[in-house]
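Each chain is listed here by its residues.
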Amino acid sequence: MFYRATLLFLLTVSLLLAHTTRTQAAGMICLPPDDMATALRTTGHQAPLAHALLADGTLMTLFVAAKGGWTITLRAPGRLACIVAGGTAMTLLHRDGLTPDTAT
């Protein structure tokens, strides 16, 4: 059940954000992927929870913090990772061992 809900969530988000992979909007925060992960870990205590591969090869990553903060990044092959969405209140419907490794 959780995997189905997670898959549906990721599919919905990827469809809503697919246009972002084609053009980089002005004002987006973009960094090399390793730097993005470090920045989200140190500033928001967020760690990757899920990855999804879009049809065009773009990698979508969902970062979450134990206290509910979340960020979605997109990275086209060979490009920077860019923040496309984020918020402060994420609740997983089912958590059985699926919490980020390093979030506090």
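This text gives an overview of the structure that appears in the document. Computed from a predicted structure; not experimentally measured.

**A short note on the environment of Ala-85**
Here comes step 1: With respect to the helices and strands, Ala-85 occurs in strand S5 (residues 81-87).
Here comes step 2: For Ala-85, a relative accessible area of 23% gives the class partly exposed.
Here comes step 3: The spacing of Ala-85 and Met-28 is 57 residues in sequence and 10.0 Å in space, taken between C-alpha atoms.
Here comes step 4: Not counting residues within four places of it along the chain, the set of residues in contact with Ala-85 comprises Trp-70, Thr-71 and Ile-72.

**Considerations on the side chain of Thr-58**
Here comes step 1: Of note, Thr-58 is situated in the loop between strand S2 (47-53) and strand S3 (59-64).
Here comes step 2: With relative accessibility at 1%, the residue Thr-58 sits in the buried group.
Here comes step 3: Only 2.9 Å separates the side chain of Thr-58 from the side chain of Asp-56, close enough to count as a polar contact.

**Considering the state of the cysteines**
Here comes step 1: Under the definition given, this model contains one disulfide.
Here comes step 2: Between the sulfur of Cys-30 and that of Cys-82 lies a disulfide, 2.0 Å long from S to S. Disulfide Cys-30-Cys-82: the torsion about the S-S bond is 110 degrees, which places it as right-handed. Note that Cys-30 is positioned in strand S1 (residues 30-31) and Cys-82 in strand S5, a separation of 52 residues in sequence.
Here comes step 3: Given a relative accessible area of 2%, Cys-82 falls into the buried group.

**Considerations on the pairing of S2**
Here comes step 1: Bridging between S2 and S3 involves six bridges; their strand directions are antiparallel. Across the sheet, the residue bridging to His-51 is Thr-61, located in S3.

**Quick notes on the sheet that holds strand S4 (residues 70-75)**
Here comes step 1: Taken together, five strands build an open sheet; the order of strands is S1-S5-S4-S3-S2 and the sheet is antiparallel. Of all the strands in the sheet, just S1 and S2 have a single pairing partner and so form its edges.
Here comes step 2: Across two bridges, S1 lies against S5 in antiparallel orientation. By the bridge assignment, Leu-31 is partnered in S5 with Ala-81.

**Some words on the environment of Ala-37**
Here comes step 1: Structurally, the position occupied by Ala-37 is in helix H2 (residues 33-44).
Here comes step 2: On a C-alpha basis, the gap between Ala-37 and Ala-81 in space is 9.3 Å, while along the polypeptide they are 44 residues apart.

**Section: the nonpolar core**
Considering soluble globular proteins, one finds that nonpolar side chains tend to be buried as a cluster.
Here comes step 1: Counting residues in each nonpolar core, the largest one holds nine residues, listed as Ala-50, Ala-52, Leu-54, Met-60, Leu-62, Val-64, Trp-70, Ile-72 and Leu-74.
Here comes step 2: Elements with a contribution of two residues or more to this core: S2, S3 and S4.

**A short note on unusual backbone geometry**
Here comes step 1: Of note in this structure, His-45 is not a glycine but carries a positive phi near 55 degrees.
Here comes step 2: With respect to the secondary-structure elements, His-45 resides in the loop between H2 and S2.
Here comes step 3: On the basis of relative accessible area, His-45 is assigned to the partly exposed category, the value being 42%.

So, how was this worked out
- Residues numbered from 1 in each chain as written.
- Predicted model: local features only at pLDDT ≥ 70, side-chain atom pairs only at ≥ 80, totals over all residues.
- Heavy atoms only, no water.
- Helix = DSSP H or I, 4+ residues; strand = E, 2+ residues; numbered from the N terminus.
- Buried < 20%, exposed > 50% of the residue type's maximum accessible area, 1.4 Å probe, protein only.
- Contact = heavy atoms within 4.5 Å.
- Polar contact = N/O pair within 3.5 Å; in protein donor to acceptor, adjacent residues only side chain to side chain.
- Disulfide = S-S within 2.5 Å.
- Pairing = 2+ DSSP bridges.
- Core = buried A, V, L, I, M, F, W, Y, C linked by side-chain atoms within 4.5 Å.

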